[in-house]
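# Architecture and fold: a report
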Amino acid sequence: ESEGRYQLALRYLRRAIKLEADNAHYWHAVARCELRLHREEASLEAFEEALECDPEAVAVWIDYAMTLVDVEETDEAVDALKDAIKTNPDTSDLYFVLAGLLFEMEDLEQSADYFHAGMCLDASRHLTTFDYFPHLREVVFFQQLIQNHL
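Residues numbered from 1 in each chain as written. Predicted model: local features only at pLDDT ≥ 70, side-chain atom pairs only at ≥ 80, totals over all residues. Heavy atoms only, no water.

Within the protein chain one finds nine helices and zero strands. Each helix and strand of the protein chain, ordered N terminal to C terminal, gives the series α-α-α-α-α-α-α-α-α. A principal-axis box enclosing the C-alpha atoms of the protein chain has dimensions of 50 × 30 × 25 Å. Here the protein chain, with 150 residues, has 43% of them falling under the buried criterion. Of all intrachain contacts in the protein chain linking residues separated by at least 6 positions in sequence, the fraction that spans at least 24 positions is 51%. (Helix = DSSP H or I, 4+ residues; strand = E, 2+ residues; numbered from the N terminus. Buried < 20%, exposed > 50% of the residue type's maximum accessible area, 1.4 Å probe, protein only. Contact = heavy atoms within 4.5 Å.)

Moving on, we come to the nonpolar core. Judged by nonpolar contacts, the single largest core of 49 residues is most densely connected at Tyr-64, Leu-94, Phe-115 and Phe-142. Only α1 (2–19), α2 (24–36), α3 (40–53), α4 (58–70), α5 (74–87), α6 (92–104), α7 (108–122) and α9 (140–149) provide two or more residues apiece to this core. Of the residues forming this core, the biggest block, nine residues, is contributed by α6. Setting aside residues up to four positions removed in sequence, Phe-115 forms contacts with Tyr-95, Phe-96, Ala-99, His-126, Thr-129, Phe-142, Leu-145 and Ile-146. (Core = buried A, V, L, I, M, F, W, Y, C linked by side-chain atoms within 4.5 Å.)

Put simply, α7 and α9 touch, their axes get as near as 11 Å, and they point 40° apart. The angle between α7 and α9 places the two elements in the oblique class. Considering how the two elements wind past one another, α7 and α9 form a crossing that is right-handed. The residues of α9 that touch α7, namely those facing Leu-108, Ser-111, Ala-112, Phe-115, His-116, Met-119 and Cys-120, are Phe-141, Phe-142, Leu-145, Ile-146 and His-149. Taken together, the residues of the contact of α7 with α9 sort by class into nine nonpolar, three polar and no charged. (Axes fitted to C-alpha atoms, helices over the stretch in contact; angles between N-to-C directions. Parallel < 35°, antiparallel > 145°, perpendicular 65-115°, else oblique. Left-handed = near helix turned anticlockwise from the far one by under 90°. Nonpolar A, V, L, I, M, F, W, Y, C, P; charged D, E, K, R; others polar.)

This brings us to the pattern of salt bridges. Tallied over the entire structure, the rule returns five salt bridges. For the salt bridge of Glu-34 with Arg-14, the shortest nitrogen-to-oxygen distance reads 2.9 Å. Here Glu-34 is found in helix α2, whereas its partner Arg-14 is found in helix α1, with 20 residues between them in sequence. Among the salt bridges present, the one from Asp-93 reaches Arg-125, with a minimum N-O distance of 2.7 Å. You can see Asp-93 sitting in helix α6 and its partner Arg-125 sitting in the loop between α7 and α8 (128–132), a full 32 residues away along the chain. (Salt bridge = Lys/Arg side-chain N within 4 Å of Asp/Glu carboxyl O.)

A positive phi angle is found at Glu-72, which is not glycine, with a value near 60°. Along the chain, Glu-72 falls in the loop between α4 and α5. Positive phi values are uncommon outside glycine, yet Glu-106 reaches one of about 65°. For Glu-106, the location among the structural elements is in the loop between α6 and α7.

Here it is, written out as structure tokens:
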């Protein structure tokens, strides 16, 4: 039943896109629906369309990167988050998500660098790392990084 609702949502979103093709919100919604329907390739294409429409859409960048992680394209996810940071250098959430991803890839030095940069921008947003990588909440590495910044 939920699959049918996503299919219906896609139909309406595609109609809306015909009227307003440069609407990043519509493309982002298409990407999320496609993802729910397990059509990762179509989802990634829709994320890319959304980012063409609005390269400053932080939520789209993060969802795009996490979808790349889900399809085991982690290097591409890192590149996407680095591109997002170039476009949105003052958005701490991007740094925190990238720090979590780099930790998962066992690149501790870069992970620490990006986490530190995120803390310098907005330390109150550091829990963003754990929103996307909840299992890292108890990792001593991040606890030490947080303590060092306080």
